[in-house]
Amino acid sequence: MEEIIERIKKVQHGFKPFDQEAIKIIDSHTAQECKKIALGLLHSEFYQVRCLSVFILGYLAVKDSTCLEILKNQAHSDKSWQVQEIIAKAFDQYCKDNGYDNSLGEIEEWINDADPNVCRAVTEGLRIWTGRPYFKDNPKKAIDLISVNKSNSSEYLRKSTGNSLRDIAKKYPDLITAEISNWDLSIPEIAFTYSYVKKTK
């Protein structure tokens with residue numbers, strides 16, 4: 001593991017090397033061993049090492065629900081934007097492995113969490129939502145879920161919300177128009193999100 005750690009600590013751009021190393025670890029160890037490795041790496045001072053840990057936990061989550069809870073706790077506490085991006089990817093990996101329709105309970109729980117990092121992990125992780133199984137056939141459900149955070153106090157979550165809805169608008173403009181036509185734009189937070197939905201560049 002020391003060799004792997006030293007190698008990934010040197011990564012400065014992109015996330016693919018972390019994912020590749022995580023897959024190698026998953027393929028060469030038992031689930032229990034992988035979890036132990038991930039937990040050992042999770043509190044490293046190096047964000048690259050924590051990214052590796054999060055990728056491993058994402059692959060394990062479908063078979064071990066405690067890994068999903070660990071990911072949520074990490075979203076609450078990790079100050080690295082890079083790690084937050086990987087948590088989003090790890091959550092999507094769980095939904096993919098579990099089935100997006102089977103994961104609706106977890107999706108709703110995370111996207112309604114009090115911590116904007118947890119909510120954003122879902123909003124960003126599942127982009128483009130209507131390209132994902134289940135939501136491809138149920139775009140209105142995706143819109144309803146994403147829109148719950150349109151007035152959230154966190155600007156970066158509202159930005160993610162608006163961008164995610166704009167993604168969907170490219171394929172389902174009428175559904176998005178119907179959704180945002182009911183928004184109260186006198187509320188500054190909602191007006192902010194609306195501006196990102198309607199953004200043209």
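As a reminder, the structure under discussion sits directly above these lines.
Residues numbered from 1 in each chain as written. Predicted model: local features only at pLDDT ≥ 70, side-chain atom pairs only at ≥ 80, totals over all residues. Heavy atoms only, no water.

Caption draft 1: Quick look at the overall build of the protein chain. Within the protein chain, the secondary structure is distributed over 12 helices and 0 strands. The helix and strand sequence of the protein chain, counted from the amino end, reads α-α-α-α-α-α-α-α-α-α-α-α. What you see for the protein chain is a C-alpha radius of gyration of 18 Å, in line with the 17 Å of a compact globule of 201 residues. Counting only C-alpha atoms and orienting by the principal axes, one finds that the protein chain spans roughly 55 × 30 × 30 Å. The 201 residues of the protein chain split such that 51% are buried. Taking as baseline every contact in the protein chain between residues at least 6 positions apart, the subset at least 24 positions apart corresponds to 61%. When the accessible area of the protein chain is evaluated, it comes to approximately 10,100 Å², of which 50% is carbon and sulfur surface. Of the side chains in the protein chain, 28 bear a positive and 29 a negative charge, and the two mean positions are spaced by 6 Å. (Helix = DSSP H or I, 4+ residues; strand = E, 2+ residues; numbered from the N terminus. Rg over C-alpha atoms; globule rule 2.2 N^0.38 Å. Buried < 20%, exposed > 50% of the residue type's maximum accessible area, 1.4 Å probe, protein only. Contact = heavy atoms within 4.5 Å. Areas by Shrake-Rupley, 256 points an atom, 1.4 Å probe, with all protein chains shown as cover. Lys, Arg positive; Asp, Glu negative; His and termini not counted. Charge placed at Lys NZ, Arg CZ, Asp CG, Glu CD.)

Caption draft 2: Expanded view of the packing of helix 3 (residues 31-41) against helix 4 (residues 47-60). Where helix 3 meets helix 4, the axes come as close as 8 Å, and the angle between the chain directions of the two elements is 150 degrees. Taken together, helix 3 and helix 4 sit at an angle that is classed as roughly antiparallel. Along this stretch, helix 3 crosses helix 4, giving a crossing that reads as left-handed. Contact residues: helix 3 offers Ala31, Cys34, Lys35, Ile37, Ala38 and Leu41, while helix 4 offers Val49, Arg50, Leu52, Ser53, Ile56, Leu57 and Leu60. When the residues that make up the contact of helix 3 with helix 4 are grouped by side-chain class, the tally is 10 nonpolar, 1 polar and 2 charged. (Axes fitted to C-alpha atoms, helices over the stretch in contact; angles between N-to-C directions. Parallel < 35°, antiparallel > 145°, perpendicular 65-115°, else oblique. Left-handed = near helix turned anticlockwise from the far one by under 90°. Nonpolar A, V, L, I, M, F, W, Y, C, P; charged D, E, K, R; others polar.)

Caption draft 3: Geometry of unusual backbone geometry. In this model, Arg127 is joined to Ile128 through a cis peptide bond whose omega is -10 degrees. The topology assignment puts Ile128 in the loop between helix 8 (116-125) and helix 9 (139-147). Within the chain, Tyr134 stands out as a residue other than glycine whose phi angle is a positive 75 degrees. With respect to the helices and strands, Tyr134 occurs in the loop between helix 8 and helix 9.

Caption draft 4: Just the pattern of salt bridges, in detail. In total, this model carries 13 salt bridges according to the counting rule given. Of the charged contacts in the structure, one is a salt bridge between Asp64 and Lys35, with a shortest N-O distance of 3.1 Å. Linking Asp64 in the loop between helix 4 and helix 5 (65-77) with Lys35 in helix 3, this pair joins segments that are 29 residues apart in sequence. Note on Asp64: relative accessible area 22%, which makes it partly exposed. Among the salt bridges present, the one from Asp92 reaches Arg132, with a minimum N-O distance of 3.1 Å. (Salt bridge = Lys/Arg side-chain N within 4 Å of Asp/Glu carboxyl O.)

Caption draft 5: Representation of helix 8 in the model. Where burial is concerned, most of helix 8 is hidden: 9 out of the 10 residues are buried. Along helix 8, the residues that are buried comprise Asn117, Val118, Cys119, Arg120, Ala121, Val122, Thr123, Glu124 and Gly125. Where helix 8 is buried, its residues contact helix 5, helix 6 (81-98), helix 7 (104-111), helix 9 and helix 10 (155-169). The distance from a side-chain oxygen at the start of helix 8 to the backbone nitrogen of Asn117 is 2.8 Å, and the residue carrying that oxygen is Asp115. (Polar contact = N/O pair within 3.5 Å; in protein donor to acceptor, adjacent residues only side chain to side chain.)

Caption draft 6: How the structure looks around the nonpolar core. Among the nonpolar cores identified, the biggest contains 58 residues, and Ile56, Ile107, Trp110, Leu126, Trp129 and Phe135 are the most heavily contacted of them. When residues of this core are assigned to their parent elements, the largest contribution, 9 residues, is made by helix 4. Those residues in contact with Ile107 that lie beyond four places of it in its chain are Phe91, Cys95, Tyr100, Val122, Leu126, Trp129, Phe135 and Leu145. (Core = buried A, V, L, I, M, F, W, Y, C linked by side-chain atoms within 4.5 Å.)

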